[in-house]
Amino acid sequence: MTARDQALSARVAQAWDVLRGVLDPEVPAISVTDLGIVRDVVEHDDGLEVLVTPTYSGCPATEVIEQAIADALAAAGLGRVRVTQRRAPAWTTDWITPQGRENLRAYGIAPPGACAGAAAPGKDAANVQPIRLMARDVACPRCGSARTERLSAFGSTACKSLYRCIECREPFEHFKPI
Amino acid sequence: MDTAFAPLPTTASASNAAASTTTGSIVCEPTPQQAYLMRIADSCLIHAQRLAEWSGHAPILEEDIALTNLALDLLGQARALLTHVGRQTGFDEDQLAFLRDERDFRNFTLVELPGRRAGRDFADAVLRNFLLSAWMNVLWGKLEQSGDAEVAAIAGKAVKESRYHVAHAADWVPRLGDGSEESARRMRQAVARLWPYTEELFETDAVDTAAAEAGLGPMRAALRVDWRAIVEPVFADAGLQVPAAGAFRSTGSRGVHSEHMGYLLAEMQTLQRSFPGGQW
């Protein structure tokens, strides 16, 4: 590895460090890296390129997040930065890191369960009942009880639904598996 | 008073520069393949507009949130497709959404039919949402295999969102159809009103043929079997009869719209028409 290559990879590593501190504006408990939307940081001759996969098609935070990423990297003196959207493969909540899940729970949002199996197209298609999609085992992020009920399939942002804990009576949000 | 009338805005040519400096309409002459994508994008966009009319008016708060959440997803899907088509036609997604004339929109007539404001029922909103989201779900599933990588990527995201849409809508149809006597009566009326418009979702024309031949996406007719497989069990659950096919054919996907479309566009487009290029 030449000195130039080392300098370049150091810059990419530094960019990742900065990105770990950039929070989702809608859910300011989780960073963009823990959310799993930063897919790659690439060094080009004319600057860094950050590849970001959007969470939901209509998520209004997408552009704010891209701007926050560009601003944070610029503030860290990492030179020219461009943020590019990478749509495929589509983002899934399975990409949220264990740390991200713990942060969500501590913030009062029940993290999503695994969705890799359920999302497989054509899987057991004959038995798929679209009516039965709601998550069954959502534990209360405050008291940990599994006795919870869904209040609303949709919530304050595209990525969440509303629940209530039957044990401690606290309402809470659930990050939908997708 | 010799200043009463401002000059009419110039009719824009298909050039970007003209479109960005005038309140006039853009003229977009898409290829059959671009028209295929605009048909999907426009159906998402206009359905989103109709769903958004329920904001602050749905019968319960949870449903208010749900309908606007669905609208947001649909708006995002429309935007992604219009941006993609726009790159090929020289317009951006805002120009395509807000500066096209009625005849240049290719959405199905079903999505433009009046919602809350014309005395239509919540049952109509529920039913349309179900019929449409089931259709979109089948379509997105097939578009994941599109030969156009960007379309396949958009579909890969949208198909997951549409699963939530179908689940939500399919939850409501039996609730109303198999609910009280009154809710069942209204649901039956909604079926009688809306079902004739579903035939358009499965017609075949030159646009479908071109898209299928190019490997861009399926013909509409190829979606019918899978769509019925979603619709029929839910109708059965709800105690609703699937009506027989009639002779009526709506023509929105060819740009010939119902009398409701002009009013919808007037409201949807007014901001960009009044403040061309306005952003926030």
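Residues numbered from 1 in each chain as written. Chains lettered and ligands numbered in written order. Predicted model: local features only at pLDDT ≥ 70, side-chain atom pairs only at ≥ 80, totals over all residues.

**Some details on the pairing of strand β1 (residues 38-44) of chain A**
Residue and element names in this part refer to chain A.
So, step 1. When β1 meets strand β2 (residues 47-52), the two strands line up antiparallel, connected through six bridges. Along β2, the bridge assignment pairs Glu-43 with Leu-48.
So, step 2. Counting the residues that bridge the hairpin from β1 to β2 gives two residues. (Pairing = 2+ DSSP bridges. Helix = DSSP H or I, 4+ residues; strand = E, 2+ residues; numbered from the N terminus.)

**As for the environment of Met136(B)**
So, step 1. Relative to the helices and strands, Met136(B) is located in helix α6 (residues 122-143).
So, step 2. Along the chain, Met136(B) and Asp205(B) lie 69 residues apart, while their C-alpha atoms are 19 Å from each other.

**As for the interface of chain B and chain A**
So, step 1. The interface is formed by 28 residues belonging to chain B together with 20 residues belonging to chain A.
So, step 2. Ranked by the residues each element gives to the side of chain B that touches chain A, the list is headed by helix α7 (residues 149-177) of chain B, at 15 residues.
So, step 3. Classifying every residue of the side of chain B that touches chain A by side-chain character gives 14 nonpolar, six polar and eight charged. (Contact = placed C-beta atoms within 7 Å. Nonpolar A, V, L, I, M, F, W, Y, C, P; charged D, E, K, R; others polar.)

**Points about the pairing of β2(A)**
Residue and element names in this part refer to chain A.
So, step 1. Relative to strand β3 (residues 81-85), β2 runs parallel, the two sharing five bridges. Residue pairing in the sheet places Leu-51 in a bridge with Thr-84 of β3.
So, step 2. As for the winding sense of the linkage, the β-α-β connection from β2 through helix α2 (residues 62-75) to β3 is right-handed. (Right-handed = clockwise from strand over helix to strand, strands pointing away.)

**Quick word on the domain arrangement of chain A**
Residues and elements named next belong to chain A.
So, step 1. Considered domain by domain, chain A is made up of domain 1 (3-85) and domain 2 (109-175).
So, step 2. Listed by partner, the interface residues are six residues for domain 1 and four residues for domain 2.
So, step 3. Here the residues of the side of domain 1 that touches domain 2 are counted per class, giving three nonpolar, two polar and one charged. (Domains from an automatic or database assignment.)

**Details of the sheet that holds strand β6 (residues 160-165) of chain A**
So, step 1. On the basis of which strands lie adjacent, the open sheet formed by four strands has the order β4-β7-β6-β5 (chain A) and mixed pairing. For this open sheet the edge positions go to β4 (109-110) and β5 (148-152) of chain A, each flanked by a neighbour on one side alone.

**A few points about the nonpolar core**
So, step 1. Ala41(B), Val126(B), Leu127(B), Trp135(B) and Val173(B) are the most contacted members of the largest nonpolar core, which has 113 residues in total.
So, step 2. Ranked by residue count, the leading element in this core is α6(B), at 15 residues.
So, step 3. Looking at which domains feed residues into this core, each of domain 1 (3-85) and domain 2 (109-175) of chain A supplies at least three.
So, step 4. Discounting chain neighbours no more than four positions away, the residues touching Trp135(B) are Leu201(B), Leu223(B) and Trp227(B). (Core = buried A, V, L, I, M, F, W, Y, C linked by C-beta atoms within 7 Å. Buried ≥ 20, exposed ≤ 12 C-beta atoms within 10 Å, placed from the backbone.)

**As for helix α9 (residues 206-213) of chain B**
Residues and elements named next belong to chain B.
So, step 1. For α9, the complete set of buried residues consists of Val-207, Asp-208 and Ala-211. With its buried residues spanning 100° around the axis, α9 presents them on a single face. When the buried face of α9 is taken as reference, the exposed residues oriented beyond 90 degrees from it are Ala-206 and Glu-213.
So, step 2. Packed against the buried residues of α9 are α2 (32-52).
So, step 3. Once α9 ends, the next one or two residues include Gly-215, with phi positive near 75°. (Arc of directions from axis to C-beta.)

**Remarks on the environment of Ala35(B)**
Residues and elements named next belong to chain B.
So, step 1. Along the chain, Ala-35 falls in helix α2.
So, step 2. Sequence separation between Ala-35 and Trp-280 is 245 residues, and the spatial gap between their C-alpha atoms is 29 Å.
So, step 3. Discounting residues that sit within four places of it in the chain, Ala-35 has contacts with Pro-30, Arg-106 and Val-207.

**Let's talk about the environment of Pro171(A)**
Residues and elements named next belong to chain A.
So, step 1. Considering the arrangement of structural elements, one finds Pro-171 in strand β7 (residues 171-175).
So, step 2. Through-space distance from the C-alpha of Pro-171 to that of Arg-142 is 9.7 Å; in sequence the pair is 29 residues apart.
So, step 3. Dropping the residues within four chain positions of it, Pro-171 is found in contact with Leu-151, Leu-162 and Arg-164.

**Details of the packing of α2(B) against helix α3 (residues 61-89) of chain B**
Residue and element names in this part refer to chain B.
So, step 1. In the contact formed by α2 and α3, the axes pass within 8 Å of each other and the chain directions differ by 150°. Taken together, the axes of α2 and α3 lie roughly antiparallel to each other. As α2 packs across α3, the resulting crossing turns out to be left-handed.
So, step 2. Each residue belonging to the contact of α2 with α3 can be placed in one class, and the counts come to 18 nonpolar, seven polar and no charged. (Axes fitted to C-alpha atoms, helices over the stretch in contact; angles between N-to-C directions. Parallel < 35°, antiparallel > 145°, perpendicular 65-115°, else oblique. Left-handed = near helix turned anticlockwise from the far one by under 90°.)

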